[in-house]
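Remarks on the overall topology
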Amino acid sequence: MSPASTGASTPVAAATPSPDPVIDTRLAPGDPGYRRMSFALFLAGVATFALLYSTQALLPLISGEFGVAASDASWTVAAATGGLALFVLPMSALSERFGRRTVMTASLAVAVSVGMLVPFAPSLGALVALRAVQGAALAGLPASATAYLAEEVRPRALVTAIGLFVAGNSVGGMSGRIITGWVAQEWGWRIAVGVIGALAVGCAVAFRLLLPAPVHFTAGSLRPRVLLGTVRDHLADPLLRRLYAIGALFMTVFGGVYTVIGYRLTAQPFGLAQGVVGSVFLVYLVGTVSASTAGRLVDRLGRRGTFYLAAGTTTAGLLLSLVGSLVPVLLGLVLITAGFFAGHAVASSAVSRTATHGRAQASALYQSSYYIGSSVGSTAGALAFHAGGWGGTVGVGLLAVLGVVTITLAGTRAARVASRAEPVAAR
């Protein structure tokens, strides 16, 4: 008689132990390491933008000392961003081989060292050359930082983490311009850029002490064939190409506006003092907020919806800035800044999430496009200002925003076509 018929219990085979669930050791909000990492990269962002744009608010003074036009003085900005754009890809390759933290530390060390030489530039040509070297040194930081975050932070927290890094950019840009404005008003532009160099030294030291050692980094290859293959893969991805173009176009607006705004506000009918013009850059705080909240915007509106919102906000700001009184101009700068930083945070985080390999190269291509946009915007904005006043600079910005909207619409159409094709392919 079977055990079942007698009511006896049936022997149970020894249960096979289930495998332990995979524990995600990457950092998430609330972790002590996450807070240290966020603050360290925030400081790195402060140093990067403070150094990179240290001469932007000082262009009228530089023009006066060397006797050059706005379009010539603007090369002190364009050379730095151009140097970064050219060297960001090679630096990203070094970070794949030697580690993100190592390359970021070396980049900041060289950049702050050059920053202490900038105040002693004897001519405009020497100043532009030093700025180009400084930009090239800083190239190791942006792509390595976003790759570090993509590897060390959980995916759901990535947009927020990158937003905090971008927020550091905005604080650096703001504090650098405010400090240089007031210091230059009393002691000249050379002392002002020296103070920014000293500030960056402090940020660099704190960054190195605070940033947690990477846990999920795997060293890659420095072979040119491997690097070129990775770059080719990224450039063949339509989504990545659109993101690169969007970043460049947003930065074209931003670079043009902030390169020229000092000339506009120091001239009539405004006639503001250099220190007051520097304080105008307090509007960067708006960028800090919009960048750090970009993740919530994406949750509500989606990536493309956030791009449309950012483009619309930037357009409204450009148009408002045409009004010939100070309050509308300042409100226009607020909207331009908010739109730019939101769009940049979303685009840069989308690149890191889209790339399935070679994240440093994917981020480097974005940064290269982004800073090419800055160089183009600085130069084109200054030339347009020389030819047609502030309206010319606004025209350059509106063309760039139109490009953002056009590319985003193309992405929307591509997504709709892909979604209709999926059910057909499944049949």
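Here's what I pulled together on the structure shown here. Model, not experiment: these values are computed from the prediction.

Here the focus is the overall build of the protein chain. The helix and strand tally for the protein chain stands at 18 helices and zero strands. Relative to a compact globule of 427 residues, whose C-alpha radius of gyration would be 22 Å, the protein chain shows 24 Å and is just as compact. The dimensions of the protein chain, computed from C-alpha atoms along their principal axes, are 110 × 45 × 40 Å. Split into buried and exposed, the 427 residues of the protein chain put 53% on the buried side. Intrachain contacts of the protein chain at a sequence separation of at least 6 include 84% that bridge at least 24 residues. Of the accessible surface of the protein chain, which amounts to about 17600 Å², a share of 67% is contributed by carbon and sulfur atoms.

Here we take up unusual backbone geometry. Cis peptide bonds are those with omega within 30 degrees of zero, and the linkage from Gln268 to Pro269 qualifies with 10°. Here Pro269 lies in the loop between helix 12 (238-266) and helix 13 (274-279).

The biggest cluster of nonpolar side chains holds 114 residues, and the ones touching the most others in it are Leu41, Leu149, Tyr258 and Tyr371. Ranked by residue count, the leading element in this core is helix 12, at 14 residues. When residues no more than four places from it in sequence are discounted, the contact partners of Tyr371 are Phe49, Leu52, Tyr53, Thr81, Leu84, Ala85, Pro142 and Met251.

Below, the discussion takes up the environment of Ala418. Along the chain, Ala418 falls in helix 18 (residues 390-426). Separated by 235 residues in sequence, Ala418 and Val183 have C-alpha atoms that sit 55 Å apart.

A few words on a nonpolar patch on the surface. A cluster of nonpolar side chains, Met116, Val201, Val205 and Leu209, forms an exposed patch at the surface whose accessible area comes to about 360 Å². Along the chain, Leu209 falls in helix 10 (residues 189-210). Taking relative accessible area as the criterion, Leu209 reaches 67% and is therefore assigned exposed.

Looking now at helix 7 (residues 124-138). Since the α-helix packs 3.6 residues into each turn, any two residues three or four apart lie on the same face. For helix 7, which comprises 15 residues, the first-to-last C-alpha distance of 21 Å matches the rise-based estimate of 21 Å (1.5 Å per residue) to within 8%. Within the span of helix 7, buried status applies to Leu124, Leu127, Val128, Arg131, Gln134, Gly135, Ala136, Ala137 and Leu138.

Relative to the elements of secondary structure, Thr259 occurs in helix 12. Reaching out from Thr259, the side chain makes a polar contact with the backbone oxygen of Gly255 at a distance of 2.7 Å. When near neighbours in sequence (up to four residues on either side) are disregarded, Thr259 contacts Gln56, Leu59, Ser74, Val77 and Ser378.

Of note, Ile178 is situated in helix 9 (residues 158-187). Under the relative-accessibility criterion, Ile178 is labelled buried at 16%. In this structure the C-alpha to C-alpha distance between Ile178 and Gly45, which are 133 residues apart in sequence, comes to 16 Å. Among residues more than four places away in sequence, those in contact with Ile178 are Gly278, Ser279, Phe281 and Leu282.

Cut-offs used in this document
- Residues numbered from 1 in each chain as written.
- Predicted model: local features only at pLDDT ≥ 70, side-chain atom pairs only at ≥ 80, totals over all residues.
- Heavy atoms only, no water.
- Helix = DSSP H or I, 4+ residues; strand = E, 2+ residues; numbered from the N terminus.
- Rg over C-alpha atoms; globule rule 2.2 N^0.38 Å.
- Buried < 20%, exposed > 50% of the residue type's maximum accessible area, 1.4 Å probe, protein only.
- Contact = heavy atoms within 4.5 Å.
- Areas by Shrake-Rupley, 256 points an atom, 1.4 Å probe, with all protein chains shown as cover.
- Core = buried A, V, L, I, M, F, W, Y, C linked by side-chain atoms within 4.5 Å.
- Patch = residues over 30% accessible without salt bridge, like charges linked within 9 Å, V, L, I, M, F, W, Y side chains within 5 Å.
- Salt bridge = Lys/Arg side-chain N within 4 Å of Asp/Glu carboxyl O.
- Expected span 1.5 Å × (residues − 1).
- Polar contact = N/O pair within 3.5 Å; in protein donor to acceptor, adjacent residues only side chain to side chain.

Spatial relationships are all this shows, so hold off on functional conclusions.
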